[in-house]
Amino acid sequence: MSEQLNVTAPVRLTDAQIRRQMISEFWFYFRQNRGAVVGLVVFVLLVLIAFLAPVLAPHSPTQQFRDALLVPPVWQEGGRSGFLLGTDAVGRDMLSRLIYGSQYSLFIGVVVVSIALVGGIVIGLLAGFFGGWVDNVIMRVMDVILAFPSLLLALVLVAVLGPGLTNAMIAIAIVYQPHFARLTRAAVMSEMKRDYVTAARVAGAGRLRLMFRTILPNCLAPLIVQATLSFSSAVLDSAALGFLGMGAQPPSPEWGTMLAEAREFILRAWWVVTFPGLAILISVLAINLTGDGLRDALDPKLKRS
């Protein structure tokens with residue numbers, strides 16, 4: 001009597017199941033870093049505060065209360081319940097300005113990273129894909145930009161373009177572009193040696209398809225991590241430019257500009273300096289912690305078995 005063997009066909013996962021599996025694996029490695037989870041929670045809260053600023057802010061960020069100049073926080077003697085974190089030198093509510101300031105920080109981070117990321121990817125793809133003199137010319141220009149301290153170069157560019165938030169964002173994006181370009185170039189040069197690229201060439205794929213459809217998707221993991229870290233650096237540098245008077249201009253409730261306006265009151269009104277500084281510290285720290293978690297989750301070499 002012959003035995004019948006039951007051969008089970010291998011289960012083929014659908015695209016949706018593969019995506020769910022990848023997301024589940026990413027979250028498993030991401031949550032191993034407790035600091036990254038805390039940073040993500042704080043960052044999500046920052047985003048919610050920015051979107052809900054008109055609802056959360058008790059006053060307009062530019063409204064001046066002439067009978068409430070340099071009022072201390074509510075828990076300090078002389079504080080008022082209508083101004084939980086006190087007021088500044090011209091009677092504007094500190095809490096409202098901090099809440100609206102989160103919109104500026106997120107807007108600056110998104111615009112700067114988007115410009116630097118897109119430009120850096122295009123430049124890095126060209127340098128890594130074509131090589132030769134194209135690579136040499138592009139990378140020497142990037143080396144020249146990297147030779148200058150980032151904040152100093154941004155200051156020079158803003159001085160040339162003129163002070164203002166738009167010009168500050170453009171200057172910071174130009175300063176950060178070489179980081180993305182070098183990272184993309186290195187990833188492209190590594191991927192060019194892979195068999196799947198050779199197979200795509202043999203199949204007749206054009207240069208644009210090879211660059212943007214075949215190679216680029218496999219280079220995104222380190223770029224995502226770099227974008228997260230650059231986001232926090234953009235917030236910090238924009239605050240520095242605002243503090244120096246070259247970024248957002250008064251009466252904009254940008255945190256760096258708020259610090260600049262409060263310098264002369266640092267000894268007799270601590271809250272006008274402390275709260276914007278804490279806002280910058282907490283937001284930048286949260287984004288950096290989230291970036292560390294993304295690096296751990298996206299880099300296979302750092303994944304723990």
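A. Representation of the pattern of salt bridges. Using the criterion set out here, one finds nine salt bridges in the structure. E261 is the salt-bridge partner of R92, the closest N and O atoms lying 3.2 Å from each other. Residue R92 is located in the loop between α3 (53-56) and α4 (94-130), and its partner E261 is located in helix α11 (residues 255-261); the two are separated by 169 residues in the primary sequence. A relative accessible area of 26% places E261 in the partly exposed class. Measuring nitrogen to oxygen at the nearest pair gives 2.9 Å for the salt bridge that ties D143 to R140. Here the residue D143 and the residue R140 both occupy positions in helix α5 (residues 132-146), the gap between them amounting to three residues, near one helical turn. By relative accessible area, D143 is classed as partly exposed at 28%. Several salt bridges converge on common partners, so that one network encompasses D88, R92, R97 and E261.

B. Geometry of α4. Helix length check: α4 (37 residues) gives 53 Å between terminal C-alpha atoms against 54 Å at 1.5 Å per residue, within 8%. Of the residues one or two after α4, G131 is the one with positive phi, at around 60°.

C. Summary view of the packing of aromatic side chains. Summed over the entire model, instances satisfying the criterion amount to eight aromatic pairs. For the pair W27 and F30, a centre-to-centre distance of 5.7 Å together with 25° between the ring planes defines the contact as stacked. Here W27 pairs with F30, and both are found in helix α1 (residues 15-30), just three residues apart, close to one helical turn. Note on F28 and Y29: the rings are 5.2 Å apart at their centroids and 75° apart in plane angle, and the pair reads as edge-to-face. Take F28: its relative accessible area is 38%, and that puts it in the partly exposed class. Ring pairs connect the aromatic residues W75, W270, W271 and F275, which therefore count as one cluster. Here the guanidinium or amino end of R263 rests over the ring plane of F243, the centre of that ring lying 4.9 Å away.

D. Representation of a nonpolar patch on the surface in the model. A grouping of V41, V44, L45, L48, I49, F51, L52, V55 and L56 is seen on the molecular surface, where their side chains present a nonpolar patch of about 850 Å² in accessible area. Of all the secondary-structure elements, those providing two or more residues to the nonpolar patch are α2 (34-51) and α3. Within the fold, L52 resides in the loop between α2 and α3. Given a relative accessible area of 42%, L52 falls into the partly exposed group.

E. How the structure looks around the side chain of E191. Structurally, E191 is set in helix α7 (residues 165-191). Side-chain polar atoms of E191 contact the side chain of Y196, separated by 2.5 Å. When near neighbours in sequence (up to four residues on either side) are disregarded, E191 contacts Y196, V197, I215, N218 and C219.

F. Local environment of the packing of helix α8 (residues 195-202) against helix α9 (residues 207-215). Taken N-terminus to C-terminus, the directions of α8 and α9 make an angle of 140°; their axes are 11 Å apart at the nearest point. Accordingly, the angle class assigned to the pair α8 and α9 is oblique. Here α8 runs over α9; the crossing is right-handed. Contacts between α8 and α9 involve Y196, V197, A200 and R201 from the first element and L210, T214 and I215 from the second.

What counts as what
Numbering of residues starts from 1 in every chain and runs along the sequence as written. In keeping with the predicted nature of the model, local features appear solely for residues at pLDDT of at least 70, side-chain atom pairs appear and are counted solely at 80 or more, and the whole-chain, interface and lining totals rest on all residues. Side-chain figures throughout are based on the complete set of non-hydrogen atoms in the structure, without hydrogens or water. Here, a salt bridge means any side-chain nitrogen of Lys or Arg that lies within 4 Å of a carboxyl oxygen of Asp or Glu. Only runs of H or I of at least four residues qualify as helices and only runs of E of at least two qualify as strands under DSSP, and these elements are numbered from the N terminus. Residue burial is assigned from relative accessible area. The probe radius is 1.4 Å, only protein chains are included, and a residue is buried under 20% of its type maximum, exposed over 50%, and partly exposed in between. By definition here, a helix of n residues has an expected span of 1.5 Å times n minus one. Each aromatic pair joins two rings of Phe, Tyr and Trp (for Trp, the six-membered one) with centres within 6.5 Å, and gets the label stacked for planes under 30 degrees apart, edge-to-face for over 60, and tilted for any other angle. Note on geometry: a ring has a charge over it if NZ (lysine) or CZ (arginine) is within 6 Å of the ring centre and within 35 degrees of the ring normal. Residues enter patches when they are more than 30% accessible in relative terms and free of salt bridges; like-charged ones are connected within 9 Å and nonpolar ones (Val, Leu, Ile, Met, Phe, Trp, Tyr) within 5 Å. Note on areas: these come from Shrake-Rupley sampling with a 1.4 Å probe, and a residue is covered only by the protein chains present in the view. Think of a polar contact as two N or O atoms within 3.5 Å of one another; within protein, one of them needs to be a possible hydrogen donor and the other a possible acceptor, and neighboring residues in sequence only count if both atoms come from side chains. Note on contacts: a residue pair is in contact if any heavy atoms of the two residues lie within 4.5 Å. Only C-alpha atoms enter the line fits that serve as axes; for helices the fit covers just the stretch in contact. Angles between N-to-C directions range over 0 to 180 degrees. Roughly parallel here means an angle under 35 degrees, roughly antiparallel means over 145, roughly perpendicular means 65 to 115, and every remaining angle is called oblique. What makes a crossing left-handed is the near helix being turned counterclockwise from the far one by less than a right angle; a clockwise turn instead makes it right-handed.

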